[in-house]
Amino acid sequence: MAVRRPKKTFVITAVIVAALAAILVGTSLAGTSVSPDLADTGSSASATPSTHATAEPATAQPAPTSDSAALAVLATLPVKGRAPKTGYDRAESFGSAWQDVDQNGCDTRNDILARDLTVLVIAGDCEVQSGTLVGPFTGRAIDFVRGQATSSLVQIDHLVALSNAWQTGAQQLSQEQRVALANDPLNLLAVDGVTNSRKGDGDAATWLPPLKSYRCTYVARQISVKATYALWVTAAERDAMTRILSDCPDELASTGESAVVTPVEVYFQNCTAAREAGAAPVHSGEPGYGSHLDRDGDGTGCE
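Residues numbered from 1 in each chain as written. Predicted model: local features only at pLDDT ≥ 70, side-chain atom pairs only at ≥ 80, totals over all residues. Heavy atoms only, no water.

Draft legend 1. Spatial organisation of the pairing of strand β6 (residues 188-192). Most of β6 sits inside the fold, with five of its five residues counted as buried. Bridge count between strand β5 (residues 154-158) and β6: five bridges; the pairing is antiparallel. By the bridge assignment for β6, His158 is matched with Leu188. (Buried < 20%, exposed > 50% of the residue type's maximum accessible area, 1.4 Å probe, protein only. Helix = DSSP H or I, 4+ residues; strand = E, 2+ residues; numbered from the N terminus. Pairing = 2+ DSSP bridges.)

Draft legend 2. Summary view of helix α4 (residues 108-116). Of the positions making up α4, those classed as buried are Thr108, Arg109, Asn110, Ile112 and Leu113. On its buried side, α4 packs onto β2 (118-123), β3 (127-134), β4 (141-145), β5 and β6. (Contact = heavy atoms within 4.5 Å.)

Draft legend 3. Geometry of the pattern of salt bridges. If you walk through the whole model with that rule in mind, you get six salt bridges. The salt bridge involving Asp203 is made with Arg82; its shortest N-O contact spans 3.6 Å. Separated by 121 residues along the polypeptide, Asp203 in the loop between α7 (193-199) and α8 (215-228) and Arg82 in the loop between α2 (70-74) and α3 (90-94) bring together distant segments of the chain. With a closest N to O distance of 3.0 Å, Lys199 and Asp157 form a salt bridge. Of this pair, Lys199 sits in helix α7 while Asp157 sits in strand β5, placing them 42 residues apart in sequence. Note on Asp157: relative accessible area 3%, which makes it buried. (Salt bridge = Lys/Arg side-chain N within 4 Å of Asp/Glu carboxyl O.)

Draft legend 4. Quick look at the environment of Glu251. Tracing the chain through its elements places Glu251 in the loop between α9 (235-245) and β7 (252-253). Taking the relative accessible area as the measure of exposure, Glu251 reaches 23% and is therefore partly exposed. Residues Glu251 and Cys216 lie 35 residues apart in sequence; the distance between their C-alpha atoms is 6.8 Å. Excluding its chain neighbours within four sequence positions, the residues that come into contact with Glu251 are Ser68, Ala69, Ala70, Cys216, Thr217, Ala220 and Leu245.

Draft legend 5. Quick look at the state of the cysteines. One pass over the full model with this rule turns up three disulfides. A sulfur-sulfur distance of 1.9 Å marks the disulfide that ties Cys216 to Cys248. Its S-S torsion of about -100 degrees marks the bond between Cys216 and Cys248 as left-handed, since a negative value means left-handed. Taken together, the positions of Cys216 in helix α8 and Cys248 in the loop between α9 and β7 put the pair 32 residues apart, joining distant regions of the chain. With relative accessibility at 15%, the residue Cys216 sits in the buried group. We classify Cys248 as buried; its relative accessible area is 14%. (Disulfide = S-S within 2.5 Å.)

Take a look at the structure:
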């Protein structure tokens, strides 16, 4: 029996159907969401982590505090020469030492000893009998024992010496403000007596702690005190402070422990009085300025 050949039209139809099937399959594959990065033979797509990081929400920044960079606070302090020491008297100018200005029942010296010493022995509520101080100026440990021959081994230093304060603006403060300055914990530090005696009333231009690692803190505290009590710095003092803080630009100054004070009303009868108080030249808006001191009316008196 003779074999019948397939008709030509049948063959063409089969070819067309096969081509359509191939197109449909290709379209289906192209529409899948599988990344080519995940096409790893022998591993499931879900086992391979995505290489694209998810964006994290922004972290809230801490709220700013009242502390500021010491260099920035230093830049706000007036720069003037030292006034004469005329009229300075420790007790009359700053009150007797030591007072209980915070009215906690303890005088300022015992408050600072209790704050800065460790291994304390205290009689009653206040009187520090003994303790150990790691001297901030030297780093050396000192055993403090109260007694006529031993108490002076640990002294309370005014970081801004009172005579220095007197010559850099404290003359223009009220008596109450000066007493506050003399007893302010911000300006007080327990230190070894020998080093404190060597410091005297020196400022940053003439004396710095022997322990170099403490100098940034020391200078920043001085700036804090001067800013708090509206005192000024001399040019040499400012330059010395700037040099120290250049090694620690993030060191902070703070006036948070004390209320910032405003100098009392100041009147200078003439330029001689202004110069004796260390206030000359006196600029418009500064304490003590008056038109009677500013003959040429340029805003600066006693030039």
